[in-house]
Amino acid sequence: MTVLDIGLPTRASESGMPDRVTIWEMSPRDGLQAEPTNLSSATKIELIRRLDAAGLPVIEAGSFVRSDRVPQMAGSDEVLRGLDGVQARMPVLVPNPKGFDRALAAGADDIAVFLSVTESFSRANLSSDRASAEASANEVVRRSRDAGLPVRGYLSMVFGDPWEGAVEIGEVVRLAQLLLEWGVEEISLGDTIGVATPGLVSATVAALEAGGVPIERIALHMHDTYGLALANVYAGLLSGVTTFDASVAGVGGCPFAKSASGNLATEDLVWMLTGLGIETGVSIPALLEIAPWLAQQLDRPISSRVATALIGKDSK
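Residues numbered from 1 in each chain as written. Predicted model: local features only at pLDDT ≥ 70, side-chain atom pairs only at ≥ 80, totals over all residues. Heavy atoms only, no water.

As for the overall build of the protein chain
Counting its regular elements, the protein chain contains twelve helices and nine strands. Relative to the 2.2 N^0.38 estimate, which gives 20 Å for 316 residues, the radius of gyration of the protein chain is 18 Å and therefore close to what a compact globule would have. When its C-alpha atoms are laid out on the principal axes, the protein chain stretches across 55 × 45 × 35 Å. Classification of the 316 residues of the protein chain by burial places 57% in the buried group. Considering only residue pairs separated by 6 or more positions, the protein chain has 76% of its internal contacts joining residues 24 or more positions apart. Split by element, the accessible area of the protein chain, about 12,100 Å² in all, is 49% carbon and sulfur. Side chains of the protein chain give 25 positive and 39 negative charges; the mean places of these two sets differ by 5 Å. (Helix = DSSP H or I, 4+ residues; strand = E, 2+ residues; numbered from the N terminus. Rg over C-alpha atoms; globule rule 2.2 N^0.38 Å. Buried < 20%, exposed > 50% of the residue type's maximum accessible area, 1.4 Å probe, protein only. Contact = heavy atoms within 4.5 Å. Areas by Shrake-Rupley, 256 points an atom, 1.4 Å probe, with all protein chains shown as cover. Lys, Arg positive; Asp, Glu negative; His and termini not counted. Charge placed at Lys NZ, Arg CZ, Asp CG, Glu CD.)

Below you can see the structure in the form of structure tokens.
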């Protein structure tokens, strides 16, 4: 069976579901940053062009972090400069004002910042206490807004932390409110180690709405550590969330949280959404061409359920 021979899931719409959702493709940044193989800038550019052709509306193109901390993200400036003609939005992750200067010099016109809900992960990921990290992120947001650039905010360890355990939902609400005050347009809730359950997702989204965070400003970033990523997306859909992060072939995780396994695979997400009658604008056959190609570049097996079922785990 070739990719072009596959059918699509039978559509059966359910009440209470949105007509359309937006997928933020994370593989060129959050995916690759946790993989042991460092890809060349040319290969990263090819990945982004393939994702753009598949219809992904947003593709996070890279990260302006220290290359000694995250060597997989070296060359993000070169990647950005090599993406002429790409139609998708291409945000880049910027951890501090110095990174912002580099991103701006490379032509970035879409910015993302991140904060940790827990102190332990802030120190592990940013080498900074939370207060200092918040001040740095605030400066990046201010400068981005002054330059007329949109900004997305990521919250990490929203649903649990490997060092601190359960996370207080009230702290998630506080940080989300803070990001909105700064001028962030959208907040992505990160299940960094994949411990969320559908009930917790629903409760967290409800608490954010009660705290004045509009549902249209909330996105979900699920990891599939315990096989619950799609169930958590489903809970998010029922709560009114219409933006979800995913990574083709399920690549990635988190290099600073060793219990964090792969991201939700884009092809798994699109398959489920298609079956629910929800439009994404993303081509499943195109994703199933990209998945084995990317697995080959990274010298790793395919981990997504849909790609494994339709083209085989070891298709490289």
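Some details on the side chain of serine 188
Assignment of secondary structure puts serine 188 in strand S7 (residues 186-190). Residue class for serine 188 comes out buried when judged on its relative accessible area of 1%. For serine 188, the residues in contact, after removing those within four places along its chain, are Arg152, Gly153, Tyr154, Leu155, Ala219, Leu220, His221 and Asp245.

Some words on the pairing of S7
Counting buried positions along S7 yields five of five residues, so the element is predominantly enclosed. Covered by surrounding structure in S7 are Glu186, Ser188 and Gly190 together with Ile187 and Leu189, the residues of both alternating faces. Alignment of strand S6 (residues 151-156) against S7, held across four bridges, turns out to be parallel. Bridging from a neighbouring strand, arginine 152 pairs with glutamate 186 of S7. Handedness of the S6-helix H7 (residues 169-182)-S7 crossover: right-handed. With four bridges connecting them, S7 and strand S8 (residues 218-221) associate as parallel partners. Bridging across to S8, serine 188 finds its partner in alanine 219. (Pairing = 2+ DSSP bridges. Right-handed = clockwise from strand over helix to strand, strands pointing away.)

Section: the sheet that holds strand S5 (residues 111-116)
Within the open sheet, the nine strands sit side by side as S2-S1-S9-S8-S7-S6-S5-S4-S3. Their pairing is parallel. The outermost strands of the open sheet, each flanked by one partner alone, are strand S2 (58-59) and strand S3 (62-63). Note: S5 against S6, six bridges, orientation parallel. Residue pairing across strands places serine 116 opposite serine 156, the latter belonging to S6.

Details of empty space enclosed by the protein
For the structure shown, the criterion picks out one cavity of 30 Å³ or more. In this model, the largest cavity occupies a volume close to 30 Å³. (1 Å grid on protein atoms, 1.4 Å probe; cavity = no way out; pocket = protein on both sides within 12 Å on 5 of 7 lines; lining within 4 Å. Points joined across faces, edges and corners; volume = space filled by probe spheres on them.)

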